[in-house]
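Structure assessment
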Amino acid sequence: MVALLLVLLLALVLFGAGFALKALWWVAVVVLVVWISGFVFASAGESGARKRWYRW
């Protein structure tokens, strides 16, 4: 009975980790798209130099 509970707990943890890793991949893709679009849509300033699209 204890072994069955341990196997079910392990399956639940591995399923949760797999879902979390998949969600993190989607977050990474969204951040990459925003980062690249910042380079594409950055407008030139008054002096002709490109402005930073972020504050830091």
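These remarks concern the structure in this document. Just so you know, these numbers come straight off a predicted model, no measurement behind them.

1. A few points about the overall build of the chain
When its secondary structure is counted, the chain shows one helix and zero strands. A total of 56 residues make up the chain; the buried ones form 4% of that total. Split by element, the accessible area of the chain, about 5500 Å² in all, is 79% carbon and sulfur.

2. Some remarks on a nonpolar patch on the surface
Together, L32, W35, I36, F39, V40 and F41 make up a nonpolar patch on the protein surface, roughly 680 Å² of accessible area in all. Residue position: F39 is located in helix α1 (residues 2-41). With a relative accessible area of 46%, F39 lands in the partly exposed category.

About the criteria used
- Residues numbered from 1 in each chain as written.
- Predicted model: local features only at pLDDT ≥ 70, side-chain atom pairs only at ≥ 80, totals over all residues.
- Heavy atoms only, no water.
- Helix = DSSP H or I, 4+ residues; strand = E, 2+ residues; numbered from the N terminus.
- Buried < 20%, exposed > 50% of the residue type's maximum accessible area, 1.4 Å probe, protein only.
- Areas by Shrake-Rupley, 256 points an atom, 1.4 Å probe, with all protein chains shown as cover.
- Patch = residues over 30% accessible without salt bridge, like charges linked within 9 Å, V, L, I, M, F, W, Y side chains within 5 Å.
- Salt bridge = Lys/Arg side-chain N within 4 Å of Asp/Glu carboxyl O.

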